[in-house]
Amino acid sequence: MAKLWTGRFSKETDVLLDQLNASLPFDSRLYAQDIQGSLAHAKMLARQKIISNDDLLKIENGLKSILNDIEQGKLVMEGAEDIHSFVEQELTRRIGDPGKKLHTARSRNDQVAVDLRLYTKENVKIIQKLIGSLIQTLCESAKMHTETIMPGYTHLQRAQPVTLAHVWMAYGNMFHRDYKRFENAYDRMNEMPLGSGALAGTTYPIDRYFTCRELGFEKPCDNSIDGVSDRDYCLEIGSASSILMMHLSRMCEEMILWCSFEFGFMELDDAFSTGSSIMPQKKNPDVCELIRGKTGRVYGDLLTLFTMQKGLCLAYNKDMQEDKEAFFDLLDTVIHSLQVMIPMLQTAKFYKENMHQAALGGYINATDCADYLTRKGMPFRDAYKITGEMVSYAIDRKKSLNDLDLDEFHRFSSLFEEDIYQALDLITCVTKRNSLGGPSPDEVKRQIQNLELFLKECEIHESI
Ligand code: ARG
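This is a predicted model, so every value here is computed, not measured.

Explanation requested: the overall build of the protein in the structure shown.
A count of helices and strands for the protein gives 20 helices and 6 strands. Relative to a compact globule of 464 residues, whose C-alpha radius of gyration would be 23 Å, the protein shows 30 Å and is clearly more extended. Overall size of the protein, expressed as C-alpha extent along the three principal axes, is 100 × 50 × 40 Å. For the protein, the proportion of its 464 residues judged to be buried stands at 51%. Long-range pairs, those at least 24 residues apart, make up 74% of the contacts in the protein between residues at least 6 apart in sequence.

Below, the structure written as structure tokens:
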């Protein structure tokens, strides 16, 4: 295998070393960023009179033809140690000596640092866009379900009545924070390492502000050792991704339960469900299970990245080549999971009647009964105790609270009047919970509007 680092060595490297050392099979996906970085570097070298304009023209044409051939499938990326070596070798093969000048005032450590940042920035933008679509999907569904009553759970026990819209807005707020986490990490990583050299800069009169502008970074990173050593942005993006996956996973777990015969709250579209090889009746929520499963995989990738970096003295160490497979897998998994989640949600059917039926059982209006007595003057603690006794009484008779007649109510308190039935009605229970953040339809509409306003601001931001 041809190497960039001949001269010092009198022997060919062992083939086993070549195999261990090779990163081209996985870093070949950085070809576009590598060429983009080289184009900016070459342009800067010519502006600074480090190479001639004639050389620049040849380098530019050569790099563009390589990019084109790779994209058309005419150039197979093989026969080199890594993507940086491959592009340079191919360039020199095509244009001769000017190709050998491209690496002036630059190191592969420089290249891998800038390539991976460019790649990460693009992927973060894709993830943010997808999170935006997911929030949009939740808002749209929520608007149709502000009065779709269902049981809210704690400890997976029916607790108090909520609406489907209220639940969707809970997830909407989580995804909003996820979006912000990616935005923050993006802002911090928006610094350009190119020009750091191997670790100690260069003696050539380079212009890092020029390459920074060319490559669309906010500013050049301020220290060359840090520039080639820093991968902590991968940890930040990996952490934001892990939290996002945890949210997706919780939502998936919820939907797996809701799709079960026992809950019957929803059904996934056939296009997003799978069957069983032996049980003809089965319709399985595999997509949800896969996203839940892949959450563990993303955590694993993050741990790989953390562990890879913890023992490294400055600056570049070859261990850092091990970041790529884990990091690519992490980004791919997050993007794929979001891409499937959105249409799965858009095409799902929700069974309002079953949700309502479930909300009628389980005494989820018991708090409302206690609140009724409290409003009529009884201290809440006493009202709580009496309601508990009423629930026990109703359970023994296999009745709900609403099924008790007024005489039965009076056995527990003379404060009960005919209007108790209205107070225990689930619509009333939800509508009255209009405290800020609560499930009342008007309050949830406000929550939806808030998220829609955020989505609009993102759109405005993107179109600038
Ligand atoms: N392929 C390497 C990586 O992915 C970059 C090359 C830098 N290598 C070096 N030996 N200085 O990290």
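Sorry if this is basic, but what is going on with the packing of aromatic side chains here?
By convention here, two paired aromatic rings are described through the distance between centres and the angle between planes. A full pass over the atoms with the stated rule returns 13 aromatic pairs. Aromatic side chains tyrosine 171 and phenylalanine 175 sit 6.5 Å apart centroid to centroid with 25° between the ring planes, which places their arrangement in the stacked category. On the criterion of helical spacing, the pair formed by tyrosine 171 and phenylalanine 175 is a turn pair, its members being 4 residues apart in helix α8 (residues 164–189). The pair tyrosine 171 / phenylalanine 175 is uniform in exposure class, with both members buried. An aromatic cluster is built from Tyr153, Trp168, Trp258, Phe263, Phe265 and Phe350, whose rings are joined through pairwise contacts. The ring of phenylalanine 217 has lysine 121 lying over it, and the distance from NZ or CZ to the ring centre is 4.1 Å. Directly above the aromatic system of tyrosine 393 lies the positively charged group of arginine 397, at a separation of 3.7 Å from the ring centroid.

How do you make sense of the pairing of strand β2 (residues 157–163) when you look at a structure like this?
Along a regular strand, successive side chains alternate from one face of the sheet to the other. For strand β1 (residues 149–154) and β2, the ladder comprises 6 bridges, and the chain directions are antiparallel. When the bridges of β2 are listed, threonine 154 appears paired with glutamine 157. Hairpin geometry of β1 and β2 is characterised by an intervening segment of 2 residues between the two adjacent antiparallel strands and by a positive phi of about 55° at histidine 155.

Would you mind showing me how to read the nonpolar core here?
Ranked by internal contacts, the top residues of the largest apolar core, which has 97 residues, are Trp168 and Phe175. Those residues in contact with tryptophan 168, other than ones at most four positions away along the chain, are Leu138, Ser141, Ala142, Met251, Trp258, Leu345 and Phe350. Ile386, Ala394, Phe409 and Leu424 belong to the second largest nonpolar core, which has 21 residues in total.

How should I be thinking about the state of the cysteines in this particular structure?
Put plainly, two cysteines are in a disulfide when a covalent bond ties their sulfur atoms together. Across all of its chains, the model carries 0 disulfides by this definition. Cysteine 234 takes part in no disulfide bond, and the closest cysteine sulfur to it belongs to cysteine 221, at a distance of 14 Å. With no disulfide partner, cysteine 313 has as its closest neighbouring cysteine sulfur the one in cysteine 234, 19 Å distant.

Can you walk me through the site of the ligand in this structure?
Around the ligand sit Ser23, Asp27, Asp82, His84, Arg108, Asn109, Val112, Tyr316, Lys318, Gln321 and Lys324, and those are all the residues in its vicinity. In the environment of the ligand, a nitrogen atom lies 3.0 Å from a nitrogen or oxygen atom belonging to the side chain of aspartate 82. Side-chain polar atom of asparagine 109 to a nitrogen atom of the ligand: 2.8 Å apart, as the coordinates give it. Across the complex, the protein chains shield 86% of the 350 Å² of accessible surface that the ligand would expose by itself. Here the element with the most residues in the shell around the ligand is helix α7 (residues 108–144); it accounts for 3 residues. In terms of residue class, the shell around the ligand is built from 2 nonpolar, 4 polar and 5 charged.

I would appreciate a short explanation of a nonpolar patch on the surface in the present structure.
A contiguous nonpolar patch, built from Leu199, Ile225 and Leu314 and spanning about 270 Å² of accessible area, is present on the exposed surface. By the element assignment, isoleucine 225 lies in helix α10 (residues 224–229). On the accessibility criterion, isoleucine 225 (33% relative accessible area) is partly exposed.

Teacher, can you tell me more about the pattern of salt bridges here?
Pairs can form between side chains of opposite charge whenever their charged atoms are close. By the definition in use, this model includes 29 salt bridges. Aspartate 69 serves as the salt-bridge partner of arginine 94, at 2.9 Å between the closest nitrogen and oxygen. Of this pair, arginine 94 sits in helix α5 (residues 83–95) while aspartate 69 sits in helix α4 (residues 53–71), placing them 25 residues apart in sequence. When its relative accessible area of 28% is taken as the criterion, arginine 94 is described as partly exposed. Accessibility expressed as a relative area gives 16% for aspartate 69, which makes it buried. Residue lysine 318 is joined to glutamate 81 by a salt bridge in which the shortest nitrogen-to-oxygen separation is 3.7 Å. Here lysine 318 is found in the loop between α12 (286–310) and α13 (323–347), whereas its partner glutamate 81 is found in the loop between α4 and α5, with 237 residues between them in sequence. Owing to a relative accessible area of 36%, lysine 318 belongs among the partly exposed residues under this scheme. When salt bridges that share partners are traced, they join Asp69, Glu90, Arg93 and Arg94 into one network.

What exactly am I supposed to notice about the packing of α7 against α8 here?
In contact at an axis separation of 9 Å, α7 and α8 are set at 165° when each is read in the N-to-C sense. Accordingly, the angle class assigned to the pair α7 and α8 is roughly antiparallel. Here the hand of the crossing between α7 and α8 comes out left-handed.

Parameters at a glance
Residues numbered from 1 in each chain as written. Predicted model: local features only at pLDDT ≥ 70, side-chain atom pairs only at ≥ 80, totals over all residues. Heavy atoms only, no water. Helix = DSSP H or I, 4+ residues; strand = E, 2+ residues; numbered from the N terminus. Rg over C-alpha atoms; globule rule 2.2 N^0.38 Å. Buried < 20%, exposed > 50% of the residue type's maximum accessible area, 1.4 Å probe, protein only. Contact = heavy atoms within 4.5 Å. Phe/Tyr/Trp six-rings, centres within 6.5 Å; stacked < 30°, edge-to-face > 60°. Lys NZ or Arg CZ within 6 Å of the ring centre and 35° of its normal. Pairing = 2+ DSSP bridges. Core = buried A, V, L, I, M, F, W, Y, C linked by side-chain atoms within 4.5 Å. Disulfide = S-S within 2.5 Å. Near = heavy atom within 4 Å. Polar contact = N/O pair within 3.5 Å; in protein donor to acceptor, adjacent residues only side chain to side chain. Areas by Shrake-Rupley, 256 points an atom, 1.4 Å probe, with all protein chains shown as cover. Nonpolar A, V, L, I, M, F, W, Y, C, P; charged D, E, K, R; others polar. Patch = residues over 30% accessible without salt bridge, like charges linked within 9 Å, V, L, I, M, F, W, Y side chains within 5 Å. Salt bridge = Lys/Arg side-chain N within 4 Å of Asp/Glu carboxyl O. Axes fitted to C-alpha atoms, helices over the stretch in contact; angles between N-to-C directions. Parallel < 35°, antiparallel > 145°, perpendicular 65-115°, else oblique. Left-handed = near helix turned anticlockwise from the far one by under 90°.

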